[in-house]
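As a plain string of letters, each chain reads:
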Amino acid sequence: MKNYEVLEQQLELLTSCDPDTQLKRAETLCDLAYALALVDVQKSLSHAGKALIITREIKNRRLEALALRYHGVAHGVAGNYEKALEYYNQSMVISREEGFDEGVASCLNNIAINFHNSGRHQEALDYYQKAMIIYRRIDDQSGVAVSYINIGELYYDWGDLEK
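The structure contained in this document is the topic of the report that follows. Quantities reported herein were computed from a predicted structural model and do not represent experimental measurements.

### Comments concerning the packing of aromatic side chains
Here's step 1: Enumeration according to the criterion identifies three aromatic pairs in this entry.
Here's step 2: With centroids separated by 5.4 Å and ring planes inclined at 65°, the aromatic side chains of Tyr155 and Trp158 adopt a geometry described as edge-to-face. Of the two residues, Tyr155 and Trp158 both sit in helix 8 (residues 141-158), three residues apart, roughly one turn of that helix.
Here's step 3: Owing to a relative accessible area of 36%, Trp158 belongs among the partly exposed residues under this scheme.
Here's step 4: One cation-aromatic arrangement involves Lys130 over Tyr127; the distance from NZ or CZ to the ring centre is 4.5 Å.

Structure below.
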């Protein structure tokens with residue numbers, strides 16, 4: 001059984017309207033949106049949209065930022081780069097307001113990927129570097145590593161194999 005199938009089963013069990021269940025439901029919808037982004041963009045967008053509604057109802061801003069970011073991921077996968085940027089920027093604003101540096105760095109990294117995939121390589125490099133600065137500041141070694149990998153792929157695509 002695939003990860004997203006387990007999440008879909010979990011989602012079916014979360015039908016109560018109490019706030020704790022709604023929070024868990026929104027988290028599961030976000031997990032599904034992310035898991036399905038490369039498999040089924042429309043389902044990913046649907047789950048992210050449902051999560052967004054719930055997060056706004058329960059006033060969970062960090063999770064709202066995550067739902068917005070996953071909207072961006074799905075749009076980016078579908079090649080809707082401008083729409084993806086809109087969602088990433090909305091997510092980044094909320095992450096900054098909430099002091100959620102990891103969320104800001106993730107948005108910057110996703111914006112960089114978006115620019116990279118749309119051929120805007122210098123902008124991609126700028127955003128990868130901005131993300132890396134935050135990842136270093138918050139001591140997120142995984143984020144730093146991902147930034148290095150992404151920058152390496154960017155230079156590879158540029159044909160600059162020395163860097």
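Here the narrative resumes, following the displayed structure.
### Some points on unusual backbone geometry
Here's step 1: Phi is positive for Lys59, which is not a glycine, with a value near 60°.
Here's step 2: Among the secondary structure elements, Lys59 is positioned in the loop between helix 3 (41-57) and helix 4 (61-77).
Here's step 3: Residue classification places Lys59 among the exposed residues on the basis of a relative accessible area of 70%.
Here's step 4: A positive phi angle, close to 60°, is found at Asp139, a residue other than glycine.
Here's step 5: Considering the arrangement of structural elements, one finds Asp139 in the loop between helix 7 (121-137) and helix 8.
Here's step 6: Given a relative accessible area of 56%, Asp139 falls into the exposed group.

### Some words on helix 3
The α-helix winds at 3.6 residues per turn, so residues separated by three or four positions along the chain end up facing the same way.
Here's step 1: For helix 3, built from 17 residues, the straight-helix expectation of 24 Å at 1.5 Å per residue is met to within 8% by its first-to-last C-alpha distance of 24 Å.
Here's step 2: Considered for burial, the residues of helix 3 that qualify are Ser44, Leu45, His47, Ala48, Gly49, Ala51, Leu52, Ile54 and Thr55.
Here's step 3: Positive phi shows up at Lys59, right after helix 3, with a value of about 60°.

Conventions and cut-offs
- Residues numbered from 1 in each chain as written.
- Predicted model: local features only at pLDDT ≥ 70, side-chain atom pairs only at ≥ 80, totals over all residues.
- Heavy atoms only, no water.
- Phe/Tyr/Trp six-rings, centres within 6.5 Å; stacked < 30°, edge-to-face > 60°.
- Helix = DSSP H or I, 4+ residues; strand = E, 2+ residues; numbered from the N terminus.
- Buried < 20%, exposed > 50% of the residue type's maximum accessible area, 1.4 Å probe, protein only.
- Lys NZ or Arg CZ within 6 Å of the ring centre and 35° of its normal.
- Expected span 1.5 Å × (residues − 1).

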